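Chain residues, written in single-letter form:
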Amino acid sequence: MNNRNQWLKLDLSGNVYPTLQRKSFSSVFRVSVTLKEKVDPQILQKAYEKTLPRFPSLKVALRKGLFWRYLEPNKNPVPQVERDVKNPCMPMDFKTKHRYLIRLYYYECQISFEVFHSLADGLGAVTFLKTLTAVYLRMHGVKIPDEEGILSVEEEPKREELEDSYMKYANSKVTPKRSQGSAYRVRGTKEPFYTLNIISGSMSVSDLKTASKKYGVTITEYLNAVLVYALIENQKCSKVWREKPVRIAMPVNLRQFFPSKTLRNFITMVYPGVDPRMGEYSFEEILKEIHYYMRYHINEKFLNADITTNAKTLQSPLIRIVPLCIKDIVVKQFYKHVQDCQSSAGLTNPGIIKVPAEMEPYLERFDVLMGQPFSARTNCAIVSYNGLTTINFASSIVENDIERVFFRKLVEEGVAVTIQSNRD
C-alpha cells in the first residue's frame, strides 16, 4: 500500500488526547523557528504545499468508529498559512471544513507550526518544521542538504516513520502501577477563555552548563530542580493546610532507548520531584533527589515496563469490545482524578536542535511551547539551538509566582536571563 494513502490507528499516546478534548482544552503544542529575515507568506505557502505530503501522519483527518478513533488520509487542499495570533495553541475543532489537525503561522521573522498531540510528539513536529524551513530557504536559492533530520520531500515516506512503536517494543514482563499518588497543585486565578499567558526566558547554553556542572548534574536535571524549587517555595507561601509532594511531569523520548524511526508519538512520562513532608530541602538536596531519580528510572528496562502497562491495557479483549463512548468516560475520569493529579507542573526538553551548516546563517532561534494545561497550572518547554536556550512557560492563570521564582533562581545561580512575555 502507498504510505501516503494509508489509514492509521491512533498510537498508544494518541488514543488519549481526543478523549480529553473539551471547549477550554485541546492537546495542541507549538514549535517555532525565527529566521534572520522577514517571512514571505506566499513562498511559505508553496513550501508548505510541497512539504506536507512527505509527512502522511500529519496530512490526516480524525475519524470515529464504534470502538476506536483512527486517522485517514486527508484529501483536502493544504491549509492556508495564517498570520500569527495573540493566544497560540487554541483548541482544534475536529470537524472543521478541511479537517486538518495542524496549523502554520507566520509573524515578522517567525514560522510557527502547531499540531494536535495525537499526530506527533516533539521530535515529529521539529522534523517537519526543519524540513519545511529547508524547503522554504531553497525556494530563496539557498542550497541545503538533507541532513541533521531534514527529510527529502522527493522521497516516498518510509513505513517505519508511520509505525506505532509502542506496540512494537512494549514487551516487559512487569507492569508497574499507573498512579504515583497526588501531588501539590497550584491554585491560581483562572484567566478568561481562551487566554494563554506566556513568559519566555532566553539564556546562554554555556551559562547553564557552568551552573549545572557546579553540582555534577545535567542541564535537564538542573532545570527540573530549579522548577521543583520554585514550586516548593510556592507551596510554602500558599500556606496550605497539608503539604504534598512536588513532582514534575516530564516526557522522555523513547527513541534514545529503542531503535525507532517513527515520526508519530513515542514518549512516556517520568515524575521527578521531592516530598517536603520529609523536611526542609536545600537546593543542593533537591538536585541530588532529581539526579538519582533520573539515573534510576530513565533506562530501557524501566521505560519498557511503563509502556507495557499501557499496551496491555489497550490489548485487553474486554477493553477492545467496549464501545468508544464508554471508553471516553472511563479514560477522562482516570485522567482527571489520577493522571493529572500526580504532577505539580509539566516540563519538556527536546534538547539541542541541529541543522545543516548551510542552514545556520539564516536561523536565529527555535522555540517550543506547550499549550494550555488540562488544569490551572503552568507548563514549561525548553529547547536549545546554536548556543542559546529558550525556556517558555505557558499557563492559564493570572499569577506568575512560579515563573518569577524560577528565573530569579537562575539569575542567583549566575545565569543571565532575558525575559519576554505576551502579558500586558
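Residues numbered from 1 in each chain as written. Predicted model: local features only at pLDDT ≥ 70, side-chain atom pairs only at ≥ 80, totals over all residues. Heavy atoms only, no water.

Our next topic: the overall build of the chain. Along the chain, the regular secondary structure elements total 11 helices and 16 strands. Expected size for 424 residues packed as a compact globule is a radius of gyration near 22 Å; at 21 Å, the chain falls within 12% of this value. Within the chain, contacts between residues separated by at least 24 positions form 76% of all contacts whose residues are at least 6 apart in sequence. Counting every atom, the chain has about 19600 Å² of accessible surface; 53% of that belongs to carbon and sulfur. (Helix = DSSP H or I, 4+ residues; strand = E, 2+ residues; numbered from the N terminus. Rg over C-alpha atoms; globule rule 2.2 N^0.38 Å. Contact = heavy atoms within 4.5 Å. Areas by Shrake-Rupley, 256 points an atom, 1.4 Å probe, with all protein chains shown as cover.)

Okay, a nonpolar patch on the surface next. On the surface, a cluster of nonpolar side chains totalling about 430 Å² of accessible area is made up of Leu66, Phe67, Leu318 and Ile321. For phenylalanine 67, the location among the structural elements is in the loop between strand E3 (60-64) and strand E4 (69-73). (Patch = residues over 30% accessible without salt bridge, like charges linked within 9 Å, V, L, I, M, F, W, Y side chains within 5 Å. Salt bridge = Lys/Arg side-chain N within 4 Å of Asp/Glu carboxyl O.)

On to the sheet that holds strand E5 (residues 82-83), then. Pairing within the open sheet is mixed, and its five strands lie in the order E5-E6-E7-E2-E13. With one partner strand each, in any of the chains shown, E5 and strand E13 (363-370) form the two edges of the open sheet. Relative to E13, strand E2 (residues 28-35) runs antiparallel, the two being bridged by seven bridges. Bridging from a neighbouring strand, arginine 30 pairs with leucine 369 of E13. Lying on the sheet, helix H2 (residues 41-51) is in contact with strand E6 (102-107) and strand E7 (110-116); it crosses E6 at an angle near 155°. Set on the sheet, helix H3 (residues 122-138) makes contact with E2, E6, E7 and E13; between it and E2 the angle comes to about 35°. (Pairing = 2+ DSSP bridges. Axes fitted to C-alpha atoms, helices over the stretch in contact; angles between N-to-C directions.)

On to the environment of isoleucine 102, then. With respect to the secondary-structure elements, isoleucine 102 resides in strand E6. Owing to a relative accessible area of 3%, isoleucine 102 belongs among the buried residues under this scheme. Sequence spacing of isoleucine 102 and aspartate 340 is 238 residues, and the spatial spacing of their C-alpha atoms is 25 Å. Setting aside its immediate chain neighbours within four residues, isoleucine 102 contacts Tyr48, Leu52, Leu58, Met92, Phe113, Glu114, Val115 and Leu119. (Buried < 20%, exposed > 50% of the residue type's maximum accessible area, 1.4 Å probe, protein only.)

Okay, the packing of helix H6 (residues 219-238) against helix H7 (residues 283-297) next. Where H6 contacts H7, the axes come no closer than 9 Å and their chain directions differ by 130°. Here H6 lies oblique to H7, going by the angle between them. Note on packing geometry: the crossing formed by H6 with H7 is right-handed. Here Thr220, Glu221, Tyr222, Asn224, Ala225, Val226, Val228, Tyr229 and Ile232 of H6 lie close against H7, whose contacting residues are Phe283, Ile286, Leu287, Ile290, His291, Met294 and Arg295. Residue classes in the contact of H6 with H7 are distributed as 11 nonpolar, three polar and two charged. (Parallel < 35°, antiparallel > 145°, perpendicular 65-115°, else oblique. Left-handed = near helix turned anticlockwise from the far one by under 90°. Nonpolar A, V, L, I, M, F, W, Y, C, P; charged D, E, K, R; others polar.)

Attention now goes to the side chain of threonine 19. Within the fold, threonine 19 resides in helix H1 (residues 16-20). Relative accessible area serves as the criterion here: at 5%, threonine 19 is assigned to the buried category. For threonine 19, the contacting residues outside a window of four places in its chain are Arg69, Asp328, Val331 and Lys332.

Another aspect to go through is the sheet that holds E4. The strand order E1-E4-E3 describes an open sheet built from three strands, whose pairing is antiparallel. With one partner strand each, in any of the chains shown, strand E1 (8-9) and E3 form the two edges of the open sheet. Sheet analysis places E3 next to E4, joined by five bridges and oriented antiparallel. Among the inter-strand pairings, lysine 64 is bridged to a residue of E4, identified as arginine 69.

Detailed reading of the predicted coordinates is not advisable wherever pLDDT is low. Counting all residues, the mean pLDDT for the chain is 92, and 99% of those residues have values of 70 or more. Within the chain, no element has a lower average pLDDT than helix H9 (residues 317-320), which sits at 78, and none a higher one than H2, at 98. (pLDDT = per-residue confidence, 0-100.)

Here the structure, examined in full by the defined rule, presents 22 salt bridges. Where arginine 30 meets glutamate 114, a salt bridge forms, and the shortest distance between an N and an O atom there is 2.7 Å. Here glutamate 114 lies in strand E7 and arginine 30 lies in strand E2, a separation of 84 residues in the sequence. What makes glutamate 114 buried here is its relative accessible area of 0%. A salt bridge links arginine 404 to aspartate 401; its shortest N-O distance comes to 2.7 Å. Of this pair, arginine 404 and aspartate 401 both sit in helix H11 (residues 401-412), three residues apart, roughly one helical turn.

Further remarks concern the nonpolar core. Residues Leu58 and Phe113 are the most contacted members of the largest nonpolar core, which totals 65 residues. Every element with two or more residues in this core is listed here: E2, H2, E3, E6, E7, H3, E13 and strand E14 (378-385). The dominant element in this core, judged by the number of residues it contributes, is H3, at nine residues. Once you skip the residues sitting within four places of it in the chain, phenylalanine 113 turns out to touch Phe29, Arg30, Val31, Leu58, Ile102, Arg103, Leu104, Ala125, Phe128 and Leu129. Listed in part, the 58 residues of the second largest apolar core include Tyr169, Tyr222, Ile391 and Phe406. (Core = buried A, V, L, I, M, F, W, Y, C linked by side-chain atoms within 4.5 Å.)

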